[in-house]
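Chains, contacts and geometry: an overview
Here is what each chain is made of, one letter per residue.
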Amino acid sequence: MKREAGLQQEIGLAAQALRLARRVVVFTGAGISAESGIPTFRDALTGLWSRFDAAELATPEAFERDPALVWGWYEWRRRRALAAKPNPGHVAVAALAEHCAEFCLMTQNVDDLHERAGSREVIHLHGSLHQPRCSACGRAFDYESSSEPMGGGELSEGRLDPPACGDCGEPVRPGVVWFGEPLPSAALERAFAAAGDCDVLISVGTSGVVYPAAQVPIHARQSGAVVIEVNPQPIGVAATHFLAGPAGVILPKLVRLASADSAL
Ligand code: OAD
């Protein structure tokens, strides 16, 4: 009871900070898509990295060693993302943008649920499952988005040969950032510029352990912004307001409160 009252009060304070803000940044991680049925990476039992080995699946070396294993795994994830629907957390983020003088959304997620909830100009720090490209020449792979597995041969035990690039014939790779690879520099620059120049940053559903993305909320805080963290578990980043709970519950409340008699 006391805890619930504390949370309501904290949501009220966070909403007040949002009402006073001119420039708002939202920074999201896998947790915002959890309620859409997309597994996170590090949650015990359900997280992808508790069931799969990142070194076998999410590195350039893994793709070189066994392209069918890696492509098949990402095809499984792409089709799963395609079958998922945006949840009230994604919808609240899109609604918040409409109330802000300046708004910037950046995500570490490789699904497209923010866009499908109506968000525009989303900065994708870790790429996208929906933008495969040639592993050699980098040409974007032109494909019809469907839930059919994309590639050669049968999808068996998660393995699938990647399609060949229409230009150079080399294998197409997932359009995501793998461990050991740099983040897309334009996205990273825009993210840090926005975080360093905002009044409020809302960090949602991220464990804050993968750098450089994890530095974004820290940079905002160090630059003087109010940082609001939404997560069922505190992650140890010194947030100004920690709102304990699932994004699909907390964000709609926060946005509703912040936009009532809106100065946003
Ligand atoms: P993680 O799996 O590391 O963290 C997910 C966070 O979401 C945890 O802190 C959970 O407590 C929280 N969470 C779970 N359910 C939630 C809910 N319903 N609402 C809000 N929060 C919830 O995912 P990320 O921090 O996004 O990188 O992981 C960062 C990067 O590590 C990913 O982009 C990916 C991964 O390896 C690459 O693939 C390059």
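Below: a short report on this structure. (Residues numbered from 1 in each chain as written. Predicted model: local features only at pLDDT ≥ 70, side-chain atom pairs only at ≥ 80, totals over all residues. Heavy atoms only, no water.)

Remarks on helix α7 (residues 88-99)
Put simply, the rule reads: Each helix is a run of H or I in the DSSP string that is no shorter than four residues. Each strand is a run of E no shorter than two, and both are numbered from the N terminus. The span you would expect from a helix comes to 1.5 Å times its residue count less one. Burial classes follow relative accessibility: with a 1.4 Å probe on protein chains only, a residue under 20% of its type's maximum area counts as buried, one over 50% as exposed, and anything between as partly exposed. Here a polar contact means two N or O atoms within 3.5 Å. Within protein one must be a hydrogen donor candidate and the other an acceptor candidate, and residues neighboring in sequence count only if both atoms are side-chain atoms.
Here α7 contains 12 residues, and its C-alpha end-to-end distance of 17 Å stays within 8% of the 16 Å for a straight helix at 1.5 Å per residue. Among all positions of α7, only G89, H90, A92, V93, A94 and L96 are buried. Two or three places before G89, at the start of α7, stands the capping residue N87, its side-chain oxygen 2.7 Å from that residue's backbone nitrogen.

Here we look at the side chain of R173
Relative to the elements of secondary structure, R173 occurs in strand β7 (residues 172-176). A distance of 2.7 Å separates the side chain of R173 from the backbone oxygen of V176, its partner in a polar contact. Polar contacts involving the side chain of R173 include one to the side chain of E181, which spans 2.8 Å.

Examining the sheet that holds strand β1 (residues 23-28)
Inclusion rule: Note on pairing: two strands pair once DSSP finds at least 2 bridges between them.
Strands sit in the order β3-β2-β1-β8-β9-β10 across an open sheet of 6 strands; the sheet is parallel. Of all strands in the sheet, those bounded by a partner on one side alone are β3 (123-124) and β10 (241-244). Looking at chain direction, strand β8 (residues 200-204) and strand β9 (residues 226-231) are connected through 5 bridges and run parallel. Paired with V204 across the bridge in β9 is V230.

Describing the site of the ligand
The condition that has to hold: Throughout, the term near means that a residue has one or more heavy atoms lying within 4 Å of the molecule or strand in question. Residue-level accessible areas treat just the shown protein chains as cover; the underlying method is Shrake-Rupley with a 1.4 Å probe. Gly is put with the polar residues, along with every residue not named as nonpolar or charged; the nonpolar set is Ala, Val, Leu, Ile, Met, Phe, Trp, Tyr, Cys and Pro, and the charged set is Asp, Glu, Lys and Arg.
Near the ligand lie 24 residues; those nearest to it are F41, R42, H126, T206 and S207. At 3.0 Å, a side-chain N or O of W49 approaches an oxygen atom of the ligand. For the ligand, an oxygen atom lies 3.3 Å from a polar atom in the backbone of Q108. Out of a free accessible area of 800 Å², the ligand has 92% covered by protein chains. Among the residues making up the shell around the ligand, the classes are represented as 11 nonpolar, 10 polar and 3 charged.

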